[in-house]
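Listed below are the residues making up each chain.
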Amino acid sequence: ADGGRNLSLDSIPMGLPMSDPTAWATAMNNLGMAPMGMTGQPLLPDFDPALGMMTGIPPINPMMPGLGIVPPPIPPDMPAVKEIIHCKSCTLFPPNPHLPPPATRERPPGCKTVFVGGLPENATEPIIMEVFEQCGEVIAIRKSKKNFCHIRFAEEFMVDKALYLSGYRIRLGSSTDKKDTGRLHVDFAQARDDLYEWECKQRMLAREERHRRRLEEDRFRPPSPPPVVHYSDHECSIVAEKLKDDAKFLEAIQTLLTWIERGEVNRRTANNFYSMIQSANSHIRRLVNEKATHEKEMEEAKEKFKLALSGILVQFEQIVAVYHSASKQKAWDHFTKAQRKNISVWCKQAEEIRNIHNDELMGIRREEEMEMSDEEIEDPSEMKETEESALVSQVEALKEENDSLRWQLDAYRNEVELLKQEQGKASRDEDTTKEQQMKLLQQALQGMQKHLLKVQEEYKKREAELEKVKEEKLKIETLLANLKEQESGTSRVCACSQEKECPAEKTLNNSPVKSEREVLLVGIISTFLHVHPFGASIEYICSYLQRLDSKICTAEVEVLMTRLQNTFRQELSGVGASLEKRWKFCGFDGLKMT
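Source: prediction; values computed, not measured. (Residues numbered from 1 in each chain as written. Predicted model: local features only at pLDDT ≥ 70, side-chain atom pairs only at ≥ 80, totals over all residues. Heavy atoms only, no water.)

### Details of the overall build of the chain
Then, number 1: Along the backbone of the chain there are 17 helices and 10 strands.
Then, number 2: Sorting the 594 residues of the chain into buried and exposed places 23% on the buried side.
Then, number 3: Pairs at least 24 apart in sequence give 60% of the contacts found in the chain among residues at least 6 apart.
Then, number 4: A total accessible area of about 43,800 Å² is found for the chain, and carbon and sulfur atoms account for 57% of it. (Helix = DSSP H or I, 4+ residues; strand = E, 2+ residues; numbered from the N terminus. Buried < 20%, exposed > 50% of the residue type's maximum accessible area, 1.4 Å probe, protein only. Contact = heavy atoms within 4.5 Å. Areas by Shrake-Rupley, 256 points an atom, 1.4 Å probe, with all protein chains shown as cover.)

Laid out in structure tokens, this is it:
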């Protein structure tokens, strides 16, 4: 019985014979259903389900519970079939489904009010309330003297239900009078109350969104730093103590920076700020020592890693040796084919891993050797330059210390002047204390003067040492020049001996080239101009030659090239201000001419 109740014509085809199709159609017509065959095909395509032969029975929907007949799926382009709506005082008849849907205006934002037109003339507010309260809670009805009204609902979705009634024909009771009938037209209405409520709702949503975003930003925003206290002698002493402590140095240095940027430095507080800056400078040594300890730890970690890697390589070598010994014929013949295959694969994998680790270890050793070679190879000239730079830096440091001592002296003098001015204003009882302060300041001034004299003496000694180094450098340069002249003299003596031996070379001495150095210059310039067939300016040629020898000057090169007219030729290109002189190589043409 349960299976027969859920029977579907689409899913289970029925094989019962149907001798009289008209009888089947008549039975379905009496039930108010569209006549369909057993396969779901309509027998009467123009059938109207509202016209049933059995009066008093409403049209039957095939989807009603208790019927096991499921119609075929409705195509998407087919309009939904509306049914008759029965009310206590009126009846609503659906429009023709083949007509297009009624037109509506654009929906206003937050619309809760609808316009209802086409009402019967005898329609009253209770009748309208009876019809439209099925769509939802009605807040107000504003009926006009004409045949229309405005209905305001509690929620927006109720408006969509009210629009469903657009196009229905309404009839009051069972009367057929024109005043008791009409065709409803339901459309969106624009009301100021709806727009105001919608704007209030949007503003509330915007406030909630801003509040949510603010909470998110506050949650992800880092905490603000604590405020920096104002400068005072007590706070200055606290900050000076914090600067000496490694754990509180960052907080203290930030406070010091803020005070200096605020402009708290003046004549009275200059000494305190200088002492704090001096303690900040001393923190650099601690940082350098900390860096050195970290570098030492890194070197120790590298050594440990290298030792562990070498141990791993030894073990890999032993494993590979085991594989190689197992692959020899004495033991190899006793293994099966699968075992031999596994051993060969394992051997290849072990050799690859061993080679990778070996390359890594060799790379580490090469880096260490490169570092050692870079440290060992140092030129004596660089050593001298480093010594000179060290002396210069020491002299500059002494100058800065001298300037700082002068500033301290000025500060002490200003304090003495202030004390002198305060002496006249203060009472006689404070004279003794001020005299003691004056004595202390005078003693401090004397100590600073002595220290300044010592610094000046050291400065003079360092200047004398710097002059000695410069004199030694000049002597070395003169010795190098003498050695070069001796070498050139020996070359000239050799040339003279060759002249005596070879008389044919005397004619060569009469040539425009006078020394071996000029011959080398001619060869280099010829090669350079041969690479530049369009020529080059004398400045370009000299810049190339000065890379090889910085003592070469432009005038010497130009005189040499003008003497060799068969080898080099000067040409002018351009007009007016863009006139340019270029030298070209013409040795091949000159060889033919000579």
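Next comes the rest of the description.
### Considering the sheet that holds strand β4 (residues 138–143)
Then, number 1: Taken in spatial order, the 4 strands of this open sheet run β4-β5-β3-β8, and their pairing is antiparallel. Of all the strands in the sheet, the pair left with one neighbour each is β4 and β8 (185–188). With strand direction ignored, the average angle separating the axes of adjacent strands in the sheet is 20°.
Then, number 2: Direction of pairing for β4 relative to strand β5 (residues 148–153): antiparallel, over a ladder of 5 bridges. Counted as the bridge partner of valine 138 is phenylalanine 153 from β5. (Pairing = 2+ DSSP bridges. Axes fitted to C-alpha atoms, helices over the stretch in contact; angles between N-to-C directions.)

### Focus: a positive patch on the surface
Then, number 1: Positive charge collects at one region of the surface, where Arg203, Arg207, Arg210 and Arg214 lie side by side.
Then, number 2: Tracing the chain through its elements places arginine 203 in helix α5 (residues 192–220). (Patch = residues over 30% accessible without salt bridge, like charges linked within 9 Å, V, L, I, M, F, W, Y side chains within 5 Å. Salt bridge = Lys/Arg side-chain N within 4 Å of Asp/Glu carboxyl O. Lys, Arg positive; Asp, Glu negative; His and termini not counted. Charge placed at Lys NZ, Arg CZ, Asp CG, Glu CD.)

### Here we look at the packing of aromatic side chains
The geometry of two aromatic rings is summed up by the distance between their centres and the angle between their planes.
Then, number 1: Counted under the stated rule, the structure contains 8 aromatic pairs.
Then, number 2: The interplanar angle of 45° and the centroid separation of 6.3 Å between the aromatic rings of tyrosine 164 and tyrosine 168 together place this pair among those described as tilted.
Then, number 3: Relative accessible area serves as the criterion here: at 42%, tyrosine 164 is assigned to the partly exposed category.
Then, number 4: According to the relative accessible area criterion, tyrosine 168 is buried, its value standing at 1%.
Then, number 5: Relative to tryptophan 259, the ring of tyrosine 231 has its centre 5.2 Å away and its plane inclined at 90°; by these criteria the two rings are edge-to-face. (Phe/Tyr/Trp six-rings, centres within 6.5 Å; stacked < 30°, edge-to-face > 60°.)

### What about the pattern of salt bridges?
Then, number 1: Counting across every chain of the model gives 21 salt bridges.
Then, number 2: Measuring nitrogen to oxygen at the nearest pair gives 3.2 Å for the salt bridge that ties glutamate 209 to arginine 213. Here arginine 213 and glutamate 209 lie together in helix α5, a separation of 4 residues that amounts to about one turn.
Then, number 3: Residue arginine 213 is classed as exposed on the basis of its relative accessible area of 51%.

### Considerations on a negative patch on the surface
Then, number 1: A cluster of like negative charges, contributed by Glu463, Glu467, Glu471 and Glu472, occupies part of the molecular surface.
Then, number 2: Here glutamate 463 lies in helix α12 (residues 431–501).

### Regarding the packing of helix α15 (residues 538–548) against helix α16 (residues 554–563)
Then, number 1: Direction vectors running N to C along α15 and α16 enclose 115°, while the axes themselves pass 10 Å from each other. As judged from the angle between their axes, α15 and α16 are roughly perpendicular. Here the hand of the crossing between α15 and α16 comes out right-handed. Here Ile538, Ile541, Cys542 and Leu545 of α15 lie close against α16, whose contacting residues are Thr554, Val557, Glu558 and Met561. (Parallel < 35°, antiparallel > 145°, perpendicular 65-115°, else oblique. Left-handed = near helix turned anticlockwise from the far one by under 90°.)

### Some points on the sheet that holds strand β7 (residues 181–183)
Then, number 1: If you walk across this open sheet you meet the 4 strands as β1-β2-β6-β7, and the pairing is antiparallel. Sheet topology places β1 (85–86) and β7 at the edges, where each strand pairs with a single neighbour.

### Regarding the nonpolar core
Then, number 1: Among the nonpolar cores identified, the biggest contains 30 residues, and Val116, Phe132, Ile151 and Phe153 are the most heavily contacted of them.
Then, number 2: Those elements giving two or more residues to this core turn out to be β2 (90–93), β3 (113–117), α3 (125–132), β4, β5, α4 (157–163), β6 (169–172) and β8.
Then, number 3: Setting aside its immediate chain neighbours within four residues, phenylalanine 153 contacts Lys112, Val114, Phe132, Cys135, Gly136, Glu137, Val138, Ile139, Met158, Val159 and Ala162.
Then, number 4: The next biggest cluster of nonpolar side chains, apart from the first, holds 17 residues, and it includes Ile538, Leu545, Ile552 and Trp583. (Core = buried A, V, L, I, M, F, W, Y, C linked by side-chain atoms within 4.5 Å.)

### Observations regarding the environment of methionine 448
Then, number 1: Along the polypeptide, methionine 448 turns up in helix α12.
Then, number 2: Once the C-alpha coordinates of methionine 448 and leucine 409 are considered, the two residues, 39 residues apart in sequence, prove to be 7.4 Å apart.
Then, number 3: Not counting chain neighbours up to four residues away, the residues in contact with methionine 448 comprise Leu405, Gln408, Leu409 and Tyr412.

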